[in-house]
Amino acid sequence: MSQMIQKIKELQKNADNIRNVCILAHVDHGKTTLADYLIASNGIISTRNAGPMRYLDNRPDEQERKITMKASNISLYFESNGEEYLINLIDSPGHVDFSSETSAAVKLADGAIIVVDVVEGLCAQTRTTLQQAYNEKLKPILFLNKVDRLIQERNMSTTEAEEHLRRVLEQVNAVIGNIFASDVLLQEDLSKDNQESALESADDSSIYFNPTVGNVIFGSAQDGWGFSLNAFSSMFADKLSVPSDILNDAMWGDFYYNSKHKRCESGAYSKGKPTIFVQIVLENIWKLYNNIMHDDFDKISIYCEKLKLKYRPPKMSSANRKTILKNVFTEWLPLEKSIFERIIKHVTSPTEMYKSKLSKLISSDKFSSNVEFSEDDSSKVVVFIAKMVPISYRELMACDRALRDIEDEYEPDEQVLIAFCRIYCGVLRENSNVHLVKRDYNPKIRNKEELEPVDVKRLYLMMARNFEPLDEAHSGMIVGIWGLQKYVTKTATLSSSKSCPPFSGLDILAPPVLRVAVEAANIDDMPKLIKGLKLLNQVDSCVQIMIQETGEHVLCVLGEVHLEKCIRDLTQDYAKIKLNVSKPIVQFRETIVEPIQKSSDEDKSVTINARNNTCTIKIVASPLPQNIVKFLESNKEQLKIFASTMEGSSGIEVNKDLLDAFSTELKNSEIVQQFEMTDIWSIGPKKLSTCLLINKSKYIHHNLLSSETIDGLYDRAIINGFQSAIQAGPLCLEPMHGICFIMQEFQIDESIDKRDSSISGIIITSVKEACRIAFQKQPQRLVGPMYSLSIIANADVLGKCYAEISKRNGRILISDMIEGSGMWMLEAVIPVIESFDLANELRVKTSGLAMPQLSFSHWETIEQDPFWIPTTEEELEQFGDKADFENKAKSYMDSIRERKGLYVDKKLVEFAEKQRTLSKNK
């Protein structure tokens, strides 16, 4: 082990022989088992324990649930053709609740192994990982896993198996084709007439998976074997008297082997002949499997002799078949060799990936010209930190003996954080001083307040559960840094140069929509809770911590499994106290819709005259068209910069291309034609950016769609009033969504002294109140989060799945049989508030024959009016009984009703009283 560590430390100096690879897949498709066999090749664990050990899953809850919850890195050594390579392998979670960990993995890697279970086929998370790999420009390798299930579970013939594998591969390539086409159309501002020609001219020849190219591996991680086509073409080329390159090209597709002429010919399907893939590959694998599983030891010996394998027949007839199978196949088709060889050939080195990765990581294209260094420049250091990794100080001291002699402020059982990062440029050394580049830093103007000097105390080679001390880390390496706990939250950029821009953070695929209030069981433990929440916020990129006006701490997470992990971390590692945790509360948004019957005479505007007509404000609210809302949501990060620009933040420049695109989108919308304006005053709320304040008054101010800078006297007060109103709506104090507020009139009494500071407070209060009342004059609705539900189920339990989805107000979108598997794939959408305990309910009712996966899908307007109450007998008969109403209201308002005695509760009480009155009258 120590010799291998020394080799890795030496190999890091040669970036050309480094490969950074992550493993991506849907949950339970075999990522961690694959990683175990790759780790076993370095002697870190025994091959016998590979699979069940789950070496990279070192959390107790990971072992209990048998799912990966965090991204873990390990550096491995591999030798090929006399050349030595260093492979940094990152295992990532497949569960959607831990998507931020997957985002961290793809940010640091140059290539990806996409694992697909050939029986379950293409699943929801597989599509997501393919999109992530494409977005981050990773070099992908497809591993079609669990081929053994086609033999042992599905009892397929070799011909049926080939057809099934071909179909799975086509499904994967179809998804890649859709991703590519969407990207081409997104990059170009195209009319419908020339979209087709743009797709035809775009080069997509290198993006697909093709077994003959070598970027597809077939195998079984559970049994420890895998192969690419070139392994069989090299094995059988001499025997068939066909050059290996020709045989390799003919091994996948409509080709068969003509034994008479000793050549490969096309037309296998039309002539009814088995393909070369069936003849050479599948027939041999199927025969060997069947011989072993039927205890036909004599045939096994003969077969192994033909394949030139060392096989020792078991002394006892009761020998474990699985052990024999693993021993034979790991010698014949070793999984680690196939994977590592494909990685070396198809994944480019950090040197070659430098420019494409850097362009993706840099926050904005306008900074690219300011990067004045290259990966070969060792004097200038650039580091990207993807996340912070927790470890107890006792465990860290066990890995690094030098810490025992250092006096530090940490207790042995206290959690410390190691920065999980990649060196993009230069050589980072222990005890060196670098700059922490903050998000708003601009290298053009060099705003020094956005640079902070930090010291790198210790460097570590991250070996899964162990941290090996390093004196220095070279360009291309993935390492750990200790000493940045006080400075880094979630992600960060480090650089020795002031010319380095900040790198963009992680791409969070879904917002945290599940909330719980947490408090210390013992009030004296509040400082420990606050400290624990701070650590949790630093470590988990998908967690949001909020403090309510009442002082309660609210934890926002992605889902139930994510919530359980966070609570466990707080109670056992970070805060180490007992907690009181509220029931889950779902986040909503508030919006307005167009009235069903529009009245031309009705005035929906609101006029407020403040302090004896000192200030006159007239505002009207209108729902934004969906195209504008979608544009705002998809570009919310840049739109935050717009809002910051209005507030006068220094060092921030607006992306002009995005501004032009937004302006074009707005000008083509119905909202412009209705109100004849493009004068945008502000965008908010700050975290969502889906509401607009538009000026139609005579007041002159800075327009977001104009490059001209105008500093209006009361701009800040008006914007603060608008932001305050939309941050907490009148329905249930949730943020407003998809609303346009039009300022029709704004006047200040000319006799007012402009130096009077109280006028700003009056404007803020008046604008806030006007926006709220304008909102209430329109039909009001709640906007709730929706989960995308993906279920793989046995045909016998489909009815139970349908019933459970229907009971929870879900909608089934797709119900298709997975060809060749006997399983069904259901895709549905379900309100987040209805999703609690869904997975457990389905597993119990179907006896484990249904496997659900929930992921955030979209926000959907709840058509039920929260303020509509039936008051007449006719309305009651039309709507139903009281129980029906209360159940319907509860299904969507449950999370809201528990909060602060809001208006919805009063309405339900009022309804009950009215129903009792009607019953008496009857």
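Everything numeric here is computed off the predicted structure, so don't read it as measured data.

Student: For this particular structure, what's the right way to read the overall build of the chain?
Tutor: What the chain contains, in helices and strands, is 30 helices and 34 strands. In the chain, which comprises 922 residues, the share counted as buried stands at 56%. Taking contacts inside the chain between residues at least 6 apart in sequence as the whole, the part at least 24 apart equals 74%. Accessible surface, the chain: about 41,100 Å² in total, of which carbon and sulfur atoms supply 46%.

Student: Explain the packing of helix H12 (residues 276-293) against helix H13 (residues 297-306) here, please?
Tutor: Relative orientation and spacing of two packed helices are given, respectively, by the angle between their axes and the distance between those axes. Where H12 meets H13, the axes come as close as 8 Å, and the angle between the chain directions of the two elements is 150°. Relative to H13, H12 is oriented so that their crossing is left-handed. Across the interface between the two elements, Glu 283, Asn 284, Lys 287, Leu 288, Asn 291 and Ile 292 from H12 touch Lys 299, Ile 300 and Tyr 303 from H13. Residues belonging to the contact of H12 with H13 are distributed by class as follows: four nonpolar, two polar and three charged.

Student: Help me out: how do you make sense of the packing of H12 against helix H14 (residues 321-332) in this one?
Tutor: At their nearest, the axes of H12 and H14 sit 9 Å apart, and the two run at 150° to each other. Here H12 is positioned roughly antiparallel relative to H14, judged by the angle of their axes. Crossing geometry of H12 relative to H14 is assigned as right-handed. Judged by residue contacts, Asn 284, Ile 285, Leu 288, Tyr 289, Ile 292 and Met 293 of H12 engage Arg 321, Ile 324, Leu 325, Val 328, Phe 329 and Trp 332 from H14. Here the contact of H12 with H14 is composed, by residue class, of ten nonpolar, one polar and one charged.

Student: Got a minute to help me understand the sheet that holds strand E29 (residues 691-695) in this structure?
Tutor: Strands pair in a sheet through their backbones, by hydrogen bonds, and they do so in one of two ways: parallel or antiparallel. What the five strands build is an open sheet, ordered E26-E27-E30-E29-E28; its pairing is mixed. Since the sheet does not close on itself, it has two edges, and those belong to strand E26 (606-610) and strand E28 (680-684), each with one partner. Here the average twist between neighbouring strands, direction ignored, is 20°. Contacts between helix H24 (residues 715-727) and the sheet are confined to E28, E29 and strand E30 (739-748), with E28 contributing the most and set at about 35° to the helix. Lying on the sheet, helix H25 (residues 758-776) is in contact with E26, strand E27 (615-623) and E30; it crosses E27 at an angle near 35°.

Student: Teacher, can you tell me more about the packing of aromatic side chains here?
Tutor: Aromatic ring pairs are reported here in terms of the distance separating the ring centres and the angle at which the planes meet. Enumeration over the complete set of coordinates arrives at 22 aromatic pairs. Here Phe 218 and Trp 252 contribute two aromatic rings whose centre-to-centre distance is 5.7 Å and whose plane-to-plane angle is 35°, an arrangement assigned as tilted. Taken together, the positions of Phe 218 in strand E6 (residues 216-220) and Trp 252 in the loop between helix H10 (244-250) and strand E8 (255-258) put the pair 34 residues apart, joining distant regions of the chain. Like Trp 252, Phe 218 is buried. Looking at Arg 166, its charged tip hangs above the ring of Trp 252, at a distance of 4.6 Å from the centre. In this arrangement the basic side chain of Arg 589 is found over the ring face of Trp 859, its NZ or CZ atom lying 3.8 Å from the centre.

Student: Would you mind going over the sheet that holds strand E5 (residues 139-145) with me for this structure?
Tutor: Taken together, seven strands build an open sheet; the order of strands is E2-E3-E1-E4-E5-E6-E7 and the sheet is mixed. The two strands at the open ends of the sheet, each matched to only one other strand, are strand E2 (72-80) and strand E7 (225-227). Across the sheet, the mean angle from the axis of one strand to that of its neighbour is 25°, orientation sign disregarded. Helix-sheet contacts for helix H2 (residues 31-40) involve strand E1 (18-25), E2, strand E3 (83-91), strand E4 (111-117) and E5, and the interaxial angle to E1 is about 150°.

Student: Help me out: how do you make sense of the state of the cysteines in this one?
Tutor: Between two cysteines, a covalent bond joining their sulfur atoms is known as a disulfide. Tallied over the entire structure, the rule returns zero disulfides. No disulfide involves Cys 740; its sulfur sits 9.2 Å from the nearest other cysteine sulfur, which is in Cys 691. Cys 771 forms no disulfide, and the closest cysteine sulfur to it belongs to Cys 691, at a distance of 9.5 Å.

Student: What is the right way to read the side chain of Asn 248 from this model?
Tutor: Tracing the sequence through the fold places Asn 248 in helix H10. In this structure Asn 248 comes out as buried when scored by relative accessible area, which is 11%.

Student: Help me understand H12, please; the structure alone is not making it clear to me.
Tutor: Since there are 3.6 residues in each turn of an α-helix, residues three or four apart along the chain are aligned in direction. Taking 1.5 Å of rise per residue, 18 residues should cover 26 Å, and H12 covers 25 Å from first to last C-alpha, within 8% of that figure. Where H12 bends most, at Leu 282, the angle is about 40°. Among the 18 residues in H12, 13 count as buried, and that is most of the element. At the C-terminal side of H12, Asp 295 shows a positive phi close to 60°.

Student: So what exactly am I meant to see when it comes to the pairing of strand E16 (residues 466-470) here?
Tutor: Along any regular strand the residues' side chains alternate between the sheet's two faces. Pairing geometry for strand E15 (residues 458-463) and E16, over five bridges, is antiparallel. In the sheet register, Leu 461 faces E16, and the bridge partner there is Glu 468. Counting the residues that bridge the hairpin from E15 to E16 gives two residues, and of these Ala 464 lies at a positive phi of roughly 60°.

Student: Help me understand helix H18 (residues 526-539) in this model?
Tutor: For H18, built from 14 residues, the straight-helix expectation of 20 Å at 1.5 Å per residue is met to within 8% by its first-to-last C-alpha distance of 20 Å. Along H18, the positions that sit buried rather than exposed are Met 526, Leu 529, Gly 532, Leu 533, Leu 535, Leu 536, Gln 538 and Val 539.

Student: When you look at the pattern of salt bridges in this model, what are you seeing that I'm missing?
Tutor: Note that side chains of opposite charge can pair when their charged atoms are close. Counting across every chain of the model gives 34 salt bridges. Between Asp 569 and Arg 59 there is a salt bridge; the shortest N-O distance is 2.9 Å. Residue Asp 569 is found in helix H19 (residues 560-574), and its partner Arg 59 is found in the loop between H2 and helix H3 (60-65); the two are separated by 510 residues along the sequence. No difference in accessibility class separates Asp 569 from Arg 59, as the two residues are buried.

Student: I tried to follow the side chain of Asn 284 on my own but got confused; where do I start?
Tutor: Structurally, the position occupied by Asn 284 is in helix H12. Reaching out from Asn 284, the side chain makes a polar contact with the side chain of Tyr 303 at a distance of 2.6 Å. Asn 284 has contacts with Phe 236, Gln 279, Tyr 303 and Trp 332, leaving out every residue within four places of it along the chain.

Student: Help me understand the environment of Lys 326 in this model?
Tutor: Note on placement: Lys 326 falls in helix H14. When its relative accessible area of 17% is taken as the criterion, Lys 326 is described as buried. Apart from residues lying up to four places away in sequence, Lys 326 is in contact with Tyr 37, Ala 50, Gln 222 and Asp 223.

Student: Where do I start with the environment of Lys 380 in this structure?
Tutor: Structurally, Lys 380 is set in the loop between helix H16 (350-361) and strand E10 (382-392). Residue class for Lys 380 comes out partly exposed when judged on its relative accessible area of 26%.

Student: Is there a simple way to think about the confidence of the model for the chain in this case?
Tutor: Low-pLDDT portions of the prediction should not be read for the details of their coordinates. When pLDDT is averaged along the chain, the result is 82, and 82% of the positions lie at 70 or above. Residue range residues 646-654 is modelled with pLDDT below 50. Its contacts to residues more than four positions away, or to other chains, number 25 contacts. Low confidence marks residues 888-912, where pLDDT is under 50. Its contacts with residues over four positions away, or in another chain, come to 52 contacts.

Student: Whenever I open this one, the environment of Met 235 confuses me. Can you help?
Tutor: Here Met 235 shows up in helix H9 (residues 229-240). In this structure the C-alpha to C-alpha distance between Met 235 and Leu 307, which are 72 residues apart in sequence, comes to 9.0 Å.

The rules behind the values
- Residues numbered from 1 in each chain as written.
- Predicted model: local features only at pLDDT ≥ 70, side-chain atom pairs only at ≥ 80, totals over all residues.
- Heavy atoms only, no water.
- Helix = DSSP H or I, 4+ residues; strand = E, 2+ residues; numbered from the N terminus.
- Buried < 20%, exposed > 50% of the residue type's maximum accessible area, 1.4 Å probe, protein only.
- Contact = heavy atoms within 4.5 Å.
- Areas by Shrake-Rupley, 256 points an atom, 1.4 Å probe, with all protein chains shown as cover.
- Axes fitted to C-alpha atoms, helices over the stretch in contact; angles between N-to-C directions.
- Left-handed = near helix turned anticlockwise from the far one by under 90°.
- Nonpolar A, V, L, I, M, F, W, Y, C, P; charged D, E, K, R; others polar.
- Parallel < 35°, antiparallel > 145°, perpendicular 65-115°, else oblique.
- Pairing = 2+ DSSP bridges.
- Phe/Tyr/Trp six-rings, centres within 6.5 Å; stacked < 30°, edge-to-face > 60°.
- Lys NZ or Arg CZ within 6 Å of the ring centre and 35° of its normal.
- Disulfide = S-S within 2.5 Å.
- Expected span 1.5 Å × (residues − 1).
- Bend = angle between axes of the 7 residues up to and from the residue.
- Salt bridge = Lys/Arg side-chain N within 4 Å of Asp/Glu carboxyl O.
- Polar contact = N/O pair within 3.5 Å; in protein donor to acceptor, adjacent residues only side chain to side chain.
- pLDDT = per-residue confidence, 0-100.

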